[in-house]
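Coordinates in review
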Amino acid sequence: EKFKQGLAKTRSSFAERVNDLIARYRKVDEEFFEELEEILIAADVGVTTVMELIDELKMEVKRRNIQDTKEMQEVISEKLVEIYRGDDNEPTVLNMQENGLTVILFVGVNGVGKTTTIGKLAHKLKSEGKSVLLAAGDTFRAGAIEQLEVWGERVGVEVIKQSAGSDPAAVMYDAIQAAKARNVDVLLCDTAGRLQNKVNLMKELEKVKRVIEREIPGAPHEVLLVLDATTGQNAMSQAKTFKEATNVTGIVLTKLDGTAKGGIVLAIRNELNIPVKFVGLGEKVDDLQEFDPEQYVYGLFA
Ligand code: GDP
């Protein structure tokens, strides 16, 4: 239900257009595919992925000798899920430690919804019975620490912080010691997101990561890149930059409720080979959903 509501814009622009196309064409022909291609591109699926998808669909149509467009909704859904999954079928669930502390590092540029996502995920983990601590690692942006504290209070989770302008690696060190001392299950770490000075930001991220690695072998267990779905291809280029700089293990795609271009999920997964682990479907505390490609695609057409 949450998916259905949150994806209303993508449903009406993408799924309804596909359904309308199927209703207008009876036979699966070249013109049908051309229109389908336009719809996919408008949904931000990305040109490379669209071409691949159209080729696969044509082969499938041939293989199964499909003539009637009525069968196409199912075939399109199947192929969307298949392309999303890729060859390696990476898990979309979080890599949580069975015993001991799980450290999750959040990266991404300012304004994408990083703080909000940390708050939402803290709430989700807490409601699953886990103890959670937040690390205020964005010591650069004015108000970032306070904003994380607001979320901490809202969801009843403590925030480890230092003063603005302090060394984020030192904040991480403190946070890890606190998490160990209190036997916390999950530590969620915020980081700075200024992209004006890319080299410095990436150096800072490296340093933060090194401290975490040194204190806890095997950590961070996830590096989640937060991207704003409403920025479309811009989100794609941010993903490329962060992927080059650090070992991103998953993506949180926020503000999917605010865009009709939900196809970006597929483009990111297919072109960058990073699984989308969560999607943000609103500003409220329970508006974060685990991403399941099947649920997503079939939810669009439901
Ligand atoms: P940060 O700078 O990356 O930490 O971004 P924030 O967490 O401050 O979020 C920026 C804005 O985006 C805020 O107004 C949030 O309420 C809003 N936001 C975050 N996630 C979502 C989402 O999934 N849907 C919608 N509609 N708004 C969101």
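What counts, and at which threshold
Residues numbered from 1 in each chain as written. Predicted model: local features only at pLDDT ≥ 70, side-chain atom pairs only at ≥ 80, totals over all residues. Heavy atoms only, no water. UniProt positions renumbered as here; feature names shortened; annotations may be inferred. Helix = DSSP H or I, 4+ residues; strand = E, 2+ residues; numbered from the N terminus. Rg over C-alpha atoms; globule rule 2.2 N^0.38 Å. Contact = heavy atoms within 4.5 Å. Areas by Shrake-Rupley, 256 points an atom, 1.4 Å probe, with all protein chains shown as cover. Lys, Arg positive; Asp, Glu negative; His and termini not counted. Charge placed at Lys NZ, Arg CZ, Asp CG, Glu CD. Pairing = 2+ DSSP bridges. Axes fitted to C-alpha atoms, helices over the stretch in contact; angles between N-to-C directions. Buried < 20%, exposed > 50% of the residue type's maximum accessible area, 1.4 Å probe, protein only. Parallel < 35°, antiparallel > 145°, perpendicular 65-115°, else oblique. Left-handed = near helix turned anticlockwise from the far one by under 90°. Near = heavy atom within 4 Å. Polar contact = N/O pair within 3.5 Å; in protein donor to acceptor, adjacent residues only side chain to side chain.

The name recorded for the chain in an unreviewed UniProt entry is Signal recognition particle receptor FtsY, from Paranoxybacillus vitaminiphilus. The annotation that UniProt attaches to the chain under Function (unreviewed entry) is "Involved in targeting and insertion of nascent membrane proteins into the cytoplasmic membrane. Acts as a receptor for the complex formed by the signal recognition particle (SRP) and the ribosome-nascent chain (RNC)." For the chain, the Subunit (unreviewed entry) comment in UniProt is given as "Part of the signal recognition particle protein translocation system, which is composed of SRP and FtsY."

1. With respect to the overall build of the chain
Helix and strand counts for the chain come out as 12 helices and eight strands. In terms of C-alpha radius of gyration, the chain reaches 21 Å, essentially the compact-globule figure of 19 Å for 302 residues. Projecting the C-alpha coordinates of the chain onto the three principal axes gives extents of approximately 65 × 35 × 35 Å. Within the chain, contacts between residues separated by at least 24 positions form 76% of all contacts whose residues are at least 6 apart in sequence. For the chain, the computed accessible surface area is about 13500 Å², with 46% contributed by carbon and sulfur atoms. Charge centroids of the chain, computed over 39 positive and 49 negative side chains, lie 3 Å from each other.

2. Side note on the sheet that holds strand E5 (residues 222–228)
The pairing of strands in a sheet comes from backbone hydrogen bonds and takes either a parallel or an antiparallel form. Overall, mixed pairing links the eight strands, which are arranged E3-E2-E4-E1-E5-E6-E7-E8 in an open sheet. The open sheet is flanked by strand E3 (158–160) and strand E8 (288–290), the only strands paired with a single partner. Between one strand axis and the next, the sheet turns by 25° as a mean value, whatever way the strands run. The pairing of E5 with strand E6 (residues 250–254) spans five bridges and is parallel. Within E6, the residue paired with Asp228 across the bridge is Thr254.

3. A few points about the environment of Gly232
Checked against the element boundaries, Gly232 lands in the loop between E5 and helix H10 (233–245). Here Gly232 falls in the buried class, since its relative accessible area comes to 5%. Residues Gly232 and Ile268, 36 residues apart in the sequence, show an inter-C-alpha distance of 10 Å. For Gly232, the contacting residues outside a window of four places in its chain are Asp44 and Ile264.

4. Regarding the packing of H10 against helix H11 (residues 264–272)
With their axes 10 Å apart at the nearest point, H10 and H11 run at an angle of 30° to one another. Considered as vectors, H10 and H11 are oriented roughly parallel to each other. Relative to H11, H10 is oriented so that their crossing is right-handed. Every residue of H11 that contacts H10 at Gln233, Met236, Ala239, Lys240 and Lys243 is listed here: Ile264, Ala267, Ile268, Glu271 and Leu272.

5. Some details on the site of the ligand
Around the ligand sit 18 residues, and of these Gly111, Thr115, Thr116, Gln147 and Glu283 come closest. Between an oxygen atom of the ligand and a main-chain N or O atom of Lys114, the distance comes to 2.7 Å. Here an oxygen atom of the ligand sits 3.4 Å away from a polar atom, N or O, in the side chain of Lys120. Coverage of the ligand by the protein amounts to 80% of the 580 Å² it exposes when considered alone. No other element matches the four residues that helix H6 (residues 114–127) contributes to the shell around the ligand.

6. Observations regarding the environment of Leu105
The topology assignment puts Leu105 in strand E1 (residues 102–107). Along the backbone, Leu105 and Ala181 are 76 residues apart, and their C-alpha atoms lie at a distance of 20 Å.

7. Focus on the side chain of Asp138
Note that Asp138 resides in the loop between strand E2 (132–135) and helix H7 (144–155). With a relative accessible area of 3%, Asp138 lands in the buried category. A polar contact is formed between the side chain of Asp138 and the backbone nitrogen of Arg141, at a distance of 3.1 Å. Leaving out residues up to four positions away in the same chain, Asp138 has contacts with Asn110, Ala144, Ile145, Asp190, Thr191, Ala192 and Gly193.

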